[in-house]
Amino acid sequence: MRRVFTMISQVSDSEVTVLIEGDSGTGKELVARAIHFNSRRAQDPFIPVNCAAIPETLIESELFGREKGAFTGAIAQKKGKCEVARSGTIFLDEIGDMAPGAQTRLLRVLEEKAFERVGGTESIDANARIIAAPNKDLRKEDEDAKFRPDPYHRLRVFPVPLPAPRVPLDDIPHPRAPLTYQPTADPE
């Protein structure tokens, strides 16, 4: 964990993208928040996005916004998370579940710092820092062609590997072992 704290302090004031890698339950969002709130962007929004919780058909609209009439049900223009974050930070959690079309649009944000709303033609500047965390090994996904290699490599500019949440078995009481209480001697 000391190595993780050192990495957080090293990357906080830079502008590079960060890929936080680790098992479920290791605190990836906490690390992303620590990076954001220790950076020059701390006064701007921190926008967490759970990519697995957004349906594939809506992820692009959620991230990049939409224009009125872009699709059935789009009755008004809506800003996406990239636009709402302004100069803050977007945390893309469970990015391994992002649809390939959204990966392509995200690649444009990573490369050109710009995007277009769904159904729009105007290019909008994207100044938000991107921090991502996969829920699976993206290198394996890369081999299986589920997660594209180009966004993966642009997200992994500064990888932060988190240690697995392992507890020594001696620290966990056996479920059938009787709990014993030994009161300490009264100091009087």
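Everything below is about the structure printed above this text.
Below is a short write-up of the structure. Since this is a predicted model, take the numbers as computed values, not measurements.

On to the overall build of the protein, then. Within the protein, the regular secondary structure consists of seven helices and seven strands. In sequence order, the secondary structure elements of the protein are arranged as α-β-α-β-α-α-β-α-β-β-β-α-α-β. In the protein, 71% of the contacts between residues at least 6 apart in sequence involve partners at least 24 apart. Total accessible area computed for the protein in this model is approximately 11,200 Å², and 51% of it derives from carbon and sulfur atoms.

As a further point, take the packing of helix α1 (residues 2–12) against helix α2 (residues 28–37). Relative orientation of the contacting elements α1 and α2 amounts to 40 degrees, with a least axis distance of 8 Å. When the interaxial angle is binned, α1 and α2 end up oblique. The handedness of the crossing between α1 and α2 is right-handed. On the side of α1, the interface is formed by V4, I8, V11 and S12, while α2 contributes V31, A34 and I35. The residue inventory of the contact of α1 with α2, partitioned by class, reads six nonpolar, one polar and no charged.

What follows is about the packing of aromatic side chains. Inspection of every chain in the model, using the stated rule, returns three aromatic pairs. Both rings, one in F46 and one in F91, keep their centres 6.3 Å apart while their planes meet at 20 degrees; by these two values the pair is stacked. Taken together, the residues F46 in strand β2 (residues 46–50) and F91 in strand β3 (residues 89–93) connect sequence positions 45 residues apart. There is no split in this pair, since F46 and F91 are both buried. With 5.9 Å between their ring centres and 40 degrees between their planes, F64 and F115 make a pair best called tilted. Residue F64 is found in helix α3 (residues 59–64), and its partner F115 is found in strand β4 (residues 114–115); the two are separated by 51 residues along the sequence. Given the relative accessible area of 0%, F64 is considered buried.

Once that is clear, we can look at the pairing of strand β6 (residues 129–133). Across the five residues of β6, five count as buried, placing the element largely inside the fold. Covered by surrounding structure in β6 are R129, I131 and A133 together with I130 and A132, the residues of both alternating faces. The pairing of strand β1 (residues 18–21) with β6 spans two bridges and is parallel. Bridge pairing in β6 links L19 to A132. Inspection of the sheet shows β3 paired to β6 by five bridges, in the parallel sense. Paired with F91 across the two strands is I131, which belongs to β6.

Pairing is parallel in the open sheet, where five strands are placed in the order β2-β3-β6-β1-β7. Here the strands that pair on one side only, and so sit at the sheet edges, are β2 and β7 (158–161). This sheet shows a mean twist of 20 degrees between the axes of neighbouring strands, independent of strand direction. The strands touched by α1 within the sheet are β1, β6 and β7, with β7 carrying the most contacts at an inclination of about 155 degrees.

Thresholds applied
- Residues numbered from 1 in each chain as written.
- Predicted model: local features only at pLDDT ≥ 70, side-chain atom pairs only at ≥ 80, totals over all residues.
- Heavy atoms only, no water.
- Helix = DSSP H or I, 4+ residues; strand = E, 2+ residues; numbered from the N terminus.
- Contact = heavy atoms within 4.5 Å.
- Areas by Shrake-Rupley, 256 points an atom, 1.4 Å probe, with all protein chains shown as cover.
- Axes fitted to C-alpha atoms, helices over the stretch in contact; angles between N-to-C directions.
- Parallel < 35°, antiparallel > 145°, perpendicular 65-115°, else oblique.
- Left-handed = near helix turned anticlockwise from the far one by under 90°.
- Nonpolar A, V, L, I, M, F, W, Y, C, P; charged D, E, K, R; others polar.
- Phe/Tyr/Trp six-rings, centres within 6.5 Å; stacked < 30°, edge-to-face > 60°.
- Buried < 20%, exposed > 50% of the residue type's maximum accessible area, 1.4 Å probe, protein only.
- Pairing = 2+ DSSP bridges.

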